[in-house]
Amino acid sequence: MEIIIQPTPEAATDVAAQIVAQLLRQKPRAVLGLPTGSTPLLLYRELVRMKLNWRGVTTFNLDEYTGLSPEHPASYHSFMRENLFRHINIVEKNIHIPDGMTGNVPAFCKEYEKQIRRAGGIDLQILGIGADGHIGFNEPSSSLASRTRMKTLTVRTRQDNAKAFGKLTQAPHHVITMGIGTIMEARHCLLLAFGKKKARAIAGAVEGPITAMNPASALQLHPKVTVCLDEAAASALKMKRYYRWVFDNKPNWQKF
Ligand code: PGA
């Protein structure tokens, strides 16, 4: 794992944006895995500002609430449209987001996995992390080998996400999410976390044991992971000084 600690969310986002931009320049037909939530907002804004060429790019979103139509303002379809897709030249047919309205969840999930494989697999999977360590919507206790499927949200995650729905009772209980096994097949995972609220989850994911109780800890088994943090999200890491030294002293060939 490469742990990159920057003073602010903006500075950490700049590093992440450079990684995405470099991939899109090197591989114009790249396949990206995309997250939603508050964490990637700065990144999407920066990517829009960079005016990259998205014409050949294919995207797969991590998750969507079940029972929400793509037009629902709190759906992740709406989130992606508003915050990224309507501002870039991506081709509509190359956008994939789980269908929260599907009448056959298992068949849909199987097909989603097939679509990822047919696209050649995910080159770069961008991830946020929940305060409980979830990636995608793989809540604690999720199988570390899980594939795309329906999951039930914890009370904490529903509370964290309730704002978009006005009140907690309106927040869905169920989602369709890529599994941890699905995420682990991406060629490169880029995890972003900002703020004190994420510090414990990050410490567990990076320095804790690999455990389904912190699903992001599965990334310790992945051969290529970059973690971009602000100071607050990094505050509970024991080896902060070492990570900083490594980043500041990267050999030239490793720099982007
Ligand atoms: P957040 O959510 O970016 O809104 O904090 C992250 C997540 O739940 O994965």
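It should be noted that the structure appears before, not after, this text.
Residues numbered from 1 in each chain as written. Predicted model: local features only at pLDDT ≥ 70, side-chain atom pairs only at ≥ 80, totals over all residues. Heavy atoms only, no water.

**Re the packing of aromatic side chains**
The tally for this structure, following the rule as stated, stands at 8 aromatic pairs. Ring centres of F60 and Y112 lie 5.7 Å apart, and the angle between their planes is 80°; this geometry places the pair in the edge-to-face category. With F60 in strand β3 (residues 58-61) and Y112 in helix α4 (residues 105-118), this residue pair connects regions lying 52 residues apart in the sequence. Both rings, one in Y76 and one in F79, keep their centres 6.4 Å apart while their planes meet at 75°; by these two values the pair is edge-to-face. Note that Y76 and F79 are positioned in helix α3 (residues 76-83) at a spacing of 3 residues, about one turn of the helix. Residue F79 is classed as buried on the basis of its relative accessible area, which comes to 16%. A network of ring pairs unites the aromatic residues Y65, Y76, F79, F137 and F165 as a single cluster. (Phe/Tyr/Trp six-rings, centres within 6.5 Å; stacked < 30°, edge-to-face > 60°. Helix = DSSP H or I, 4+ residues; strand = E, 2+ residues; numbered from the N terminus. Buried < 20%, exposed > 50% of the residue type's maximum accessible area, 1.4 Å probe, protein only.)

**Here we look at the sheet that holds strand β4 (residues 63-65)**
One open sheet holds the 3 strands; their spatial order is β4-β8-β7, and the pairing between them is antiparallel. With partners counted over all chains shown, the strands left at the sheet margins are β4 and β7 (149-152), one partner each. Within the sheet, the average angular offset between the axes of one strand and its neighbour, ignoring direction, is 30°. Pairing geometry for β4 and strand β8 (residues 174-177), over 3 bridges, is antiparallel. Note on β8: the bridge partner recorded for Y65 is V175. (Pairing = 2+ DSSP bridges. Axes fitted to C-alpha atoms, helices over the stretch in contact; angles between N-to-C directions.)

**Some words on the sheet that holds strand β1 (residues 2-6)**
With parallel pairing, 7 strands are arranged side by side in an open sheet as β1-β10-β9-β6-β2-β3-β5. Looking at the sheet topology across the chains shown, the edges are occupied by β1 and β5 (95-96). Sheet analysis places β3 next to β5, joined by 2 bridges and oriented parallel. When the sheet's bridge partners are listed, T59 is paired in β5 with I95.

**Points about the packing of helix α2 (residues 41-49) against α3**
The interhelical angle for the contact between α2 and α3, taken along N-to-C directions, is 40°, at an axis separation of 10 Å. Looking at the two axes, α2 sits oblique to α3. Residue-level contacts link L41, Y44 and V48 of α2 to F79, M80 and N83 of α3. Grouping the amino acids of the contact of α2 with α3 by side-chain chemistry returns 5 nonpolar, 1 polar and no charged. (Parallel < 35°, antiparallel > 145°, perpendicular 65-115°, else oblique. Contact = heavy atoms within 4.5 Å. Nonpolar A, V, L, I, M, F, W, Y, C, P; charged D, E, K, R; others polar.)

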